[in-house]
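# Secondary and tertiary structure notes
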Amino acid sequence: MDFVNYLPLDFGEYSPRELIDFLKVSNISPFWQKWLDRFPDQFTSSHNTWTFIYDAYGVRLKNTLYSHSTKGISIGNREPNKILNDIILKLSRHCPAGVPLQLIDATAGLLNDTQSLLHLNMSVTSYESNPLLALLIFVDTQLKTHAPQLRKHWQFYPLTFNESILQSCEKISYKILLYDPMFEQQEHKTLPSKEMQILSQLTQEFPQHLPKKEEWENWLAGVKAIVVKRPNKSDYLFGQAPQYSIKSKLLRWDIYSSNLMGITVP
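Quick look at the structure, then. (Residues numbered from 1 in each chain as written. Predicted model: local features only at pLDDT ≥ 70, side-chain atom pairs only at ≥ 80, totals over all residues. Heavy atoms only, no water.)

Moving on, we come to the pattern of salt bridges. Under the definition given, this model contains seven salt bridges. Residue Asp86 is joined to Lys82 by a salt bridge in which the shortest nitrogen-to-oxygen separation is 2.8 Å. Note that Asp86 and Lys82 are positioned in helix H4 (residues 82-92) at a spacing of four residues, about one turn of the helix. We note a salt bridge from Asp113 to Lys229, for which the minimum N-O separation is 3.1 Å. Of the two residues, Asp113 is situated in helix H5 (residues 112-118) and Lys229 in strand S8 (residues 225-231); the sequence distance between them amounts to 116 residues. (Salt bridge = Lys/Arg side-chain N within 4 Å of Asp/Glu carboxyl O. Helix = DSSP H or I, 4+ residues; strand = E, 2+ residues; numbered from the N terminus.)

Ranked by size, the top nonpolar core spans 54 residues in total, and within it Leu23, Ile88, Leu135 and Val139 carry the most contacts. At eight residues, helix H6 (residues 131-142) tops the list of elements feeding residues into this core. Counting residues in hydrophobic clusters, the runner-up holds 16 residues, among them Ile226, Val228, Leu237 and Tyr256. (Core = buried A, V, L, I, M, F, W, Y, C linked by side-chain atoms within 4.5 Å. Buried < 20%, exposed > 50% of the residue type's maximum accessible area, 1.4 Å probe, protein only.)

Below, the discussion takes up the packing of aromatic side chains. As enumerated under the stated definition, the model contains twelve aromatic pairs in all. Pairing Trp32 with Phe138 gives two aromatic rings, centres 4.1 Å apart and planes at 25°, and the pair type is stacked. Residue Trp32 is found in helix H2 (residues 30-36), and its partner Phe138 is found in helix H6; the two are separated by 106 residues along the sequence. Each of the two residues, Trp32 as well as Phe138, counts as buried. Each ring, one from Trp154 and one from Phe156, has its centre 5.8 Å from the other, and the planes form 20°; the classification is stacked. Assessed through its relative accessible area of 5%, Trp154 is described here as buried. Its relative accessible area of 0% is what places Phe156 among the buried residues. (Phe/Tyr/Trp six-rings, centres within 6.5 Å; stacked < 30°, edge-to-face > 60°.)

Once that is clear, we can look at the sheet that holds strand S7 (residues 174-179). Spatially, the seven strands line up as an open sheet ordered S6-S5-S4-S7-S8-S10-S9, and their pairing is mixed. At either end of the open sheet lies a strand with only one pairing partner, and these are strand S6 (154-158) and strand S9 (244-247). Each adjacent strand pair in this sheet contributes to an overall mean axis angle of 20°, direction not counted. Of the pairings in the sheet, the one linking strand S4 (residues 101-105) to S7 comprises five bridges and is parallel in character. The residue of S7 that forms the bridge with Ile104 is Leu177. In the packing of H6 onto the sheet, the strands contacted are strand S5 (123-128) and S6, and the crossing angle to S6 comes to about 140°. (Pairing = 2+ DSSP bridges. Axes fitted to C-alpha atoms, helices over the stretch in contact; angles between N-to-C directions. Contact = heavy atoms within 4.5 Å.)

Structural measurements only, silent on function.
Laid out in C-alpha cells, this is it:
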C-alpha cells in the first residue's frame with residue numbers, strides 16, 4: 001500500500017465522524033475508502049468521547065471526558081529500543097540468502113516499536129485493530145508528520161476481527177512477528193503514564209484483538225519466530241513457555257521459534 005496522497009486538513013478539532021466525512025471526499029485510496037465504510041457505528045458512538053486535534057505540532061487523539069490529560073496521544077518518535085533491535089538482528093541472521101525478510105508488528109499502537117524496527121532498514125508491515133488508533137496512524141501519515149522515517153520500508157494495514165495478520169504478507173518470505181498484548185485483561189492495575197491510561201480507555205471502548213489459541217498456532221506455523229513483549233512479571237502467553245526470554249528492568253521479550261528450533265538469541 002502506497003501512501004502518496006497529501007491530506008489538506010485545516011488546523012482545528014475534529015470528531016471521528018467529522019474527520020471520516022472529510023476523508024471520504026478527499027483524495028484517498030479505494031482501500032481506505034472501503035475501510036472507513038466498515039466502522040460507521042463505532043465511529044459514530046465515539047463522536048462525543050474522542051476528538052482529533054490538528055495543529056502545528058501534528059495530529060493527536062484526545063479523550064474529551066478524561067480530565068487528567070489535555071494533550072492527547074500522538075504517533076511516537078522515540079529512540080530505537082536496543083534490546084528489541086538486537087533480538088531482531090540476531091533472528092534475522094538465520095534468513096537464507098535470496099529469501100525476502102519481513103518484520104511484522106502485529107500491534108502497531110503508536111508505532112513506537114515499528115519506528116524502532118525501521119531503524120534496521122528492513123521491511124516492516126504493521127497492523128492495528130483499534131479503529132481510532134488506525135485512523136490516527138493513517139491521518140498522521142497522510143499529513144506527512146512522520147513520513148520521512150516511515151515511508152521507505154513500511155506498510156500499514158488496519159485490522160478487522162475477521163482478518164488474519166498474515167494474509168497480506170508475502171507467501172514466500174522469512175517472517176518475524178512482534179506481538180505486544182498491551183492490555184490482555186479488561187481490568188488493569190494503576191498504569192504508569194497518561195499515555196498508557198488513554199490507550200487503556202481506547203481498548204475498553206474498542207477491545208484489543210487478542211489471538212485465539214488456533215490463531216496463535218497458525219502464527220507459529222506461518223512465521224520463523226515470534227517475539228512477544230510482556231511486562232516482566234506477566235504469565236507466558238497461553239501458558240506456553242518460549243524457547244528464550246530476555247529481560248529488561250520492566251519488560252520481558254519471549255522468543256518463540258517452533259519451526260526453527262535451532263535458533264539462538266544469546
